[in-house]
Amino acid sequence: MALTEEPQSLVEDSGDERPKWDNKFQYLLSCIGFAVGLGNIWRFPYLCQTYGGGAFLIPYLIALVFEGIPLFHIELAIGQRLRRGSIGVWTAISPYLGGVGFVDECQGSGVVSYFWYRQTLNISADIGDSGALQWRLLMCLAACWVVVYLCVIRGIESSGKVIYFTALFPYLVLTLFLIRGLTLPGAKEGLLYLFTPNLEILRNPRVWLDAATQIFFSLSLAFGGHIAFASYNPPRNDCEKDAVIIALVNSMTSLYASITVFSVVGFKATNDYEKCLDRNILSLINAFELPDQSVSRDDYPAVLADLNATQPARVARLLLRSCRLEDFLDKSASGTGLAFIVFTECLLHLPVAPAWAVLFFGMLFTLGLSSMFGNMEGVITPLLDLGVLPRSVPKELLTGLVCLACFACALCFTLQSGNYWLEIFDNYAASLNLIIFAFFEVFGVVYVYGMNRFCNDIEWMTGRRPNLYWRVAWKLVSPLLLLSVFGAYLVLLVQKPLSYKAWNPQHVGPSMKPFPDDPLHGQCACHLCLRMGGSECIQDWGPSRPGAPAP
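Residues numbered from 1 in each chain as written. Predicted model: local features only at pLDDT ≥ 70, side-chain atom pairs only at ≥ 80, totals over all residues. Heavy atoms only, no water.

1. Some details on the overall build of the chain
Of the regular secondary structure elements, the chain holds 22 helices and three strands. Looking at the 551 residues of the chain, the share that counts as buried comes to 52%. Carbon and sulfur atoms form 65% of the exposed surface of the chain, whose accessible area is close to 24,500 Å². (Helix = DSSP H or I, 4+ residues; strand = E, 2+ residues; numbered from the N terminus. Buried < 20%, exposed > 50% of the residue type's maximum accessible area, 1.4 Å probe, protein only. Areas by Shrake-Rupley, 256 points an atom, 1.4 Å probe, with all protein chains shown as cover.)

2. Considering helix α8 (residues 156-182)
Helix length check: α8, at 27 residues, gives a terminal C-alpha distance of 38 Å against a target of 39 Å (1.5 Å per residue), a fit within 8%. Within α8, the axis deviates most sharply at V162, by approximately 45°. (Expected span 1.5 Å × (residues − 1). Bend = angle between axes of the 7 residues up to and from the residue.)

3. As for the packing of helix α1 (residues 24-35) against α8
Look at α1 against α8: their axes get within 9 Å of each other, and the N-to-C directions meet at 55°. Judged on the interaxial angle alone, α8 and α1 are oblique. Like other packed secondary-structure pairs, α1 and α8 cross with a definite hand, here left-handed. Along the contact surface, α1 presents F25, Q26, L29, S30, I32 and G33, while α8 presents G160, K161, I163, Y164, A167, L168 and Y171. Per-class residue counts for the contact of α1 with α8 are eight nonpolar, four polar and one charged. (Axes fitted to C-alpha atoms, helices over the stretch in contact; angles between N-to-C directions. Parallel < 35°, antiparallel > 145°, perpendicular 65-115°, else oblique. Left-handed = near helix turned anticlockwise from the far one by under 90°. Contact = heavy atoms within 4.5 Å. Nonpolar A, V, L, I, M, F, W, Y, C, P; charged D, E, K, R; others polar.)

4. Digging into the state of the cysteines
Counted by the stated rule, this structure contains one disulfide. There is a disulfide in this structure between C276 and C323, and the S-S distance comes to 1.9 Å. Residues C276 and C323 are joined through a disulfide that is left-handed, its torsion about the S-S bond being -80°. Of this pair, C276 sits in helix α12 (residues 239-288) while C323 is found in the loop between α14 (312-317) and α15 (325-329), placing the two residues 47 residues apart along the sequence. (Disulfide = S-S within 2.5 Å.)

5. As for the nonpolar core
Core analysis: the largest hydrophobic core is formed by 90 residues, its most contacted members being F56 and F454. Looking at which element gives the most residues to this core, the answer is helix α20 (residues 431-462), with 14 residues. Beyond its immediate sequence surroundings of up to four residues, F56 is in contact with F44, L47, C48, Y51, V207 and A211. Counting residues in hydrophobic clusters, the runner-up holds 21 residues, among them L29, L141, V148 and V379. (Core = buried A, V, L, I, M, F, W, Y, C linked by side-chain atoms within 4.5 Å.)

6. Focus: the environment of V264
The residue V264 is located in helix α12 in this model. Taking the C-alpha atoms as reference, V264 lies 7.8 Å from F343; in sequence the two are 79 residues apart. The contact partners of V264, leaving out residues within four places of it in the chain, are F177, G181, F343 and C346.

7. Focus: the packing of helix α4 (residues 57-82) against helix α10 (residues 205-219)
Packing of α4 against α10 leaves a shortest axis separation of 9 Å and a crossing angle of 40°. One way to sum up the angle between α4 and α10 is to call them oblique. Handedness of the α4/α10 crossing: right-handed. Between α4 and α10, the contacting residues are P59, Y60, I62, A63, L64, E67, G68, I69, L71 and F72 on the first element and V207, W208, A211, A212, Q214, I215, F216, S218 and L219 on the second. A per-class count over the contact of α4 with α10 returns 15 nonpolar, three polar and one charged.

8. A few points about the pattern of salt bridges
On inspection of all chains with the given rule, the structure shows 15 salt bridges. Among the salt bridges present, the one from K24 reaches D242, with a minimum N-O distance of 3.1 Å. On the accessibility criterion, D242 (1% relative accessible area) is buried. One network of salt bridges, with partners in common, ties together R154, E157 and E396. (Salt bridge = Lys/Arg side-chain N within 4 Å of Asp/Glu carboxyl O.)

9. Let's talk about the packing of aromatic side chains
Under the counting rule described, the total for this entry stands at 19 aromatic pairs. When the centroid spacing of 6.2 Å and the interplanar angle of 20° are considered together, the rings of F439 and F443 count as stacked. A residue pair is termed a helical-turn pair when its members lie 3 or 4 positions apart in one helix, as F439 and F443 do in helix α20 at four residues. Taking relative accessible area as the criterion, F439 reaches 21% and is therefore assigned partly exposed. If you follow R453 out to its NZ or CZ, it ends over the ring of Y449, 4.6 Å from the centre. (Phe/Tyr/Trp six-rings, centres within 6.5 Å; stacked < 30°, edge-to-face > 60°. Lys NZ or Arg CZ within 6 Å of the ring centre and 35° of its normal.)

10. Examining the confidence of the model for the chain
Reading fine detail from the predicted coordinates is not recommended where pLDDT is low. In this model, the chain carries an average pLDDT of 80, and 80% of its residues clear a pLDDT of 70 or more. The least confident element of the chain, judged by mean pLDDT, is helix α22 (residues 524-533) at 38; the most confident is helix α7 (residues 135-152) at 95. (pLDDT = per-residue confidence, 0-100.)

11. Quick look at unusual backbone geometry
Unusually for a residue other than glycine, R83 sits at a positive phi of about 55°. Take R83: it is sitting in the loop between α4 and α5 (86-93). Positive phi values are uncommon outside glycine, yet L319 reaches one of about 55°. Inspection of the secondary structure assignment puts L319 in the loop between α14 and α15.

12. Let's talk about the side chain of Q26
You can see Q26 is positioned in helix α1. Here Q26 falls in the buried class, since its relative accessible area comes to 1%. At 3.0 Å, the side chain of Q26 and the backbone nitrogen of D22 are in polar contact. Discounting chain neighbours no more than four positions away, the residues touching Q26 are W21, G160, K161, I163 and Y164. (Polar contact = N/O pair within 3.5 Å; in protein donor to acceptor, adjacent residues only side chain to side chain.)

13. Regarding a nonpolar patch on the surface
Residues I58, I62, V65, F66, L199 and W208 make up a contiguous nonpolar surface patch of about 480 Å² in total accessible area. When residues in the nonpolar patch are grouped by element, the largest group, four residues, is from α4. Its place among the elements puts W208 in helix α10. Judged by relative accessible area, which is 35%, W208 ranks as partly exposed. (Patch = residues over 30% accessible without salt bridge, like charges linked within 9 Å, V, L, I, M, F, W, Y side chains within 5 Å.)

14. Topic: the side chain of S251
Within the secondary structure, S251 sits in helix α12. In this structure S251 comes out as buried when scored by relative accessible area, which is 9%. In this view, S251 contacts Y60 and L64; residues no more than four positions away in its chain are not counted.

15. Describing the environment of D22
As for its position among the elements, D22 is in the segment before α1. Its relative accessible area of 49% is what places D22 among the partly exposed residues. In this structure the side chain of D22 is engaged in a polar contact, spanning 3.1 Å, whose partner is the side chain of K161.

16. Some remarks on α4
Here α4 contains 26 residues, and its C-alpha end-to-end distance of 35 Å stays within 8% of the 38 Å for a straight helix at 1.5 Å per residue. Its axis deflected by about 45° at L64, α4 carries its strongest bend there. Along α4, 20 of the 26 residues are buried, which leaves the element largely enclosed by surrounding structure.

Here you go:
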């Protein structure tokens with residue numbers, strides 16, 4: 001039976017001063033826009049392809065059910081109940097938890113690769129060679145922060161209007177790409193390669209670790225943005241239903257994006273595979289003086305086998321390339337590599353390529369923009385709740401100062417070495433922090449605020465008490481999963497020395513080299529973040545230059 005009186009809580013009456021959402025749909029779109037970001041497009045498809053296709057969905061769904069959704073429910077419920085931002089919420093629970101949820105915001109190449117690394121980025125030769133500020137990147141960064149400021153200038157009162165476009169436009173573009181992608185030759189091969197399960201890969205602990213950390217990035221947990229958004233809800237809003245809906249929509253979006261991306265990637269792989277066959281066929285025809293068009297792609301394996309059996313020496317001298325469709329499908333990437341190289345190469349093969357390119361990069365921009373709304377609310381709302389500036393200071397000024405500070409912190413990414421540090425922050429800097437913050441979120445609510453007290457609050461807000469699934473997940477399963485992931489992360493960090501791929505144009509491909517032992521090499525603060533945050537590799541592109549640090 002629902003409570004008829006408000007249970008004792010730490011909430012303070014804020015009167016009518018706190019902004020409110022115009023409607024429930026606006027709130028859901030804001031949370032979905034914050035959760036659905038670039039990681040859904042350029043990280044989740046890559047993880048699916050890397051870790052056994054459909055097999056990766058098994059640890060992902062387990063992490064979603066027992067880690068993602070329970071933590072997400074906690075963030076929405078505690079924000080809605082206490083009606084404060086992240087710092088205010090955790091300080092109200094315990095002064096020792098005041099920093100939880102408040103993440104520091106200062107957080108042979110082809111034609112496309114050459115244009116990206118040498119023309120767009122003008123990348124330096126080494127991770128320790130900072131290089132100069134790139135004025136075009138600087139202007140783009142400034143323009144982006146101006147747009148962000150104009151959208152969040154009045155908090156949810158302004159961003160809530162923009163979110164209707166920024167949250168829905170990516171779905172329109174994904175749908176257009178999916179329709180076009182499924183009609184392309186090779187789409188079937190791309191999807192089969194993506195979703196064919198390889199259950200053996202589940203023995204690799206890295207799969208489970210990446211599935212767990214992907215949940216954090218995908219749902220934007222422990223950033224503080226969802227707590228801030230929920231604090232603007234009516235006290236009696238059904239936060240449990242919201243948590244389930246938003247989490248499922250986010251995960252389905254990741255799957256939807258994977259189908260879209262690999263239908264197009266399959267088309268590119270098939271195109272490259274056929275070009276490889278055509279080059280080999282032409283070499284055979286010229287070397288053995290065969291009639292033109294006498295060898296088709298389907299006949300090529302049989303013809304090659306026959307020539308290998310009768311004239312192996314002559315065939316060996318041709319240096320034919322190995323043409324396997326799986327090899328071309330293997331050439332996937334995540335992050336900027338997928339967005340600006342692999343997928344861009346795919347766009348070049350489409351009719352009316354410039355139009356598709358505008359849609360694709362417009363989608364990426366709106367995805368990043370809607371995610372920034374949540375990030376900014378996660379910072380500005382606690383600052384307003386704490387009264388950092390006098391109430392006479394307009395909110396627009398505080399918002400401007402925060403945006404200016406974030407712009408200044410991001411200047412390092414506009415250096416010639418900026419892409420290296422972007423890869424480091426993307427791969428290493430946040431994962432470990434998010435796991436720690438999430439653990440203290442669960443611990444703070446369940447063992448400091450109190451499970452019974454929290455369940456009373458939810459019963460008062462939703463009209464029903466949390467069932468056994470929620471209580472077991474909050475009290476036992478989620479904390480144990482977080483500790484297990486944390487331990488596995490540290491083990492992998494110790495076992496595998498940090499290294500990165502340095503591109504050398506004098507060699508066929510990238511070669512691995514370790515990071516320098518000297519923490520003062522290059523930018524030591526970033527190097528320290530790298531040491532603390534992860535164990536994957538980044539790609540270091542760029543030809544050697546005079547005076548650059550030696551590999």
